[in-house]
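# Commentary on secondary and tertiary structure
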Amino acid sequence: FVLGPRRGLWASLGLLTMILLYLFLQDYLPFNFEKYTSGFAVRFVPSFLVVLSYAYTFEKLREKSHTKLSLINGKLEQVVNQLKAKDGELSNAYNELESRVCRRTAELNETNIELQREMRVRREVEQQLKQMLLRRRFLSLCWMNHRMPG
């Protein structure tokens, strides 16, 4: 049944026909081959037909299984291709997100540097303001002390 179930069946039936011809015509053939008894023919033909029917049945089942597996394999290939496409989309989304995170991190770093600079400037202004207030108090005290009769 290397030829498939249908061709294998026809080839096996052709072989059986040749064997039956030989068994029935063996007495009339000009060459001397082994002579088989009619009991052998009675046992051989049913055995051959049983083996032939099993071989045909199993080959048909194998062919059906192969067809089903081919369909399943095709569906699996579609799923794999869809998963690969989704993986590509996911990879692109990941790269885009990574890029956005990098941009946002850079923006936050710049903002942080700017805020630190503003904090330094405010501290300096606060220090200057404190010094001015101290001078003013001192001058106010001096002026008050100077004005008092004494």
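Scroll up for the structure.
Below you will find a few notes about this structure. (Residues numbered from 1 in each chain as written. Predicted model: local features only at pLDDT ≥ 70, side-chain atom pairs only at ≥ 80, totals over all residues. Heavy atoms only, no water.)

## Some remarks on the overall build of the protein
Within the protein one finds two helices and zero strands. Taking 2.2 N^0.38 as the reference for a compact globule, 150 residues should give roughly 15 Å; the C-alpha atoms of the protein span a radius of gyration of 52 Å, well beyond that estimate. The dimensions of the protein, computed from C-alpha atoms along their principal axes, are 170 × 25 × 20 Å. A sequence separation of at least 24 residues applies to 54% of the contacts in the protein between residues at least 6 apart. (Helix = DSSP H or I, 4+ residues; strand = E, 2+ residues; numbered from the N terminus. Rg over C-alpha atoms; globule rule 2.2 N^0.38 Å. Contact = heavy atoms within 4.5 Å.)

## Thoughts on the side chain of Gln26
Following the sequence through the fold, Gln26 ends up in the loop between helix 1 (5–25) and helix 2 (38–147). Polar contacts involving the side chain of Gln26 include one to the main-chain carbonyl oxygen of Tyr36, which spans 2.5 Å. If we skip the residues at most four places from it in the chain, Gln26 touches Glu34, Lys35 and Tyr36. (Polar contact = N/O pair within 3.5 Å; in protein donor to acceptor, adjacent residues only side chain to side chain.)

## Focus on the pattern of salt bridges
Summed over all chains, the structure comprises six salt bridges. One salt bridge in this structure joins Arg104 and Glu107, with 3.2 Å as the shortest N-O distance. Placement of both Arg104 and Glu107 in helix 2 is noted, with a separation of three residues, approximately one turn of the helix. (Salt bridge = Lys/Arg side-chain N within 4 Å of Asp/Glu carboxyl O.)

## Some remarks on the packing of aromatic side chains
Remark: the centre distance and the inter-plane angle together describe each pair of aromatic rings, the angle taken between the planes. Within this structure, the stated rule accounts for five aromatic pairs. Measuring from centroid to centroid gives 4.6 Å for Tyr36 and Phe40, while their planes differ by 20°, and the two rings are stacked. The partly exposed category is assigned to Tyr36, whose relative accessible area is 36%. Where Tyr54 meets Phe58, the ring centres are 6.2 Å apart and the plane angle is 20°; that geometry is what we call stacked. Of the two residues, Tyr54 and Phe58 both sit in helix 2, four residues apart, roughly one turn of that helix. Aromatic ring contacts, followed pair by pair, group Tyr22, Tyr36, Phe40, Phe44 and Phe48 into a single cluster. (Phe/Tyr/Trp six-rings, centres within 6.5 Å; stacked < 30°, edge-to-face > 60°. Buried < 20%, exposed > 50% of the residue type's maximum accessible area, 1.4 Å probe, protein only.)

## Brief notes about a nonpolar patch on the surface
The grouping of Leu21, Phe24, Leu25 and Tyr28 at the surface amounts to a nonpolar patch, some 510 Å² of accessible area in total. Considering the arrangement of structural elements, one finds Phe24 in helix 1. (Patch = residues over 30% accessible without salt bridge, like charges linked within 9 Å, V, L, I, M, F, W, Y side chains within 5 Å. Areas by Shrake-Rupley, 256 points an atom, 1.4 Å probe, with all protein chains shown as cover.)

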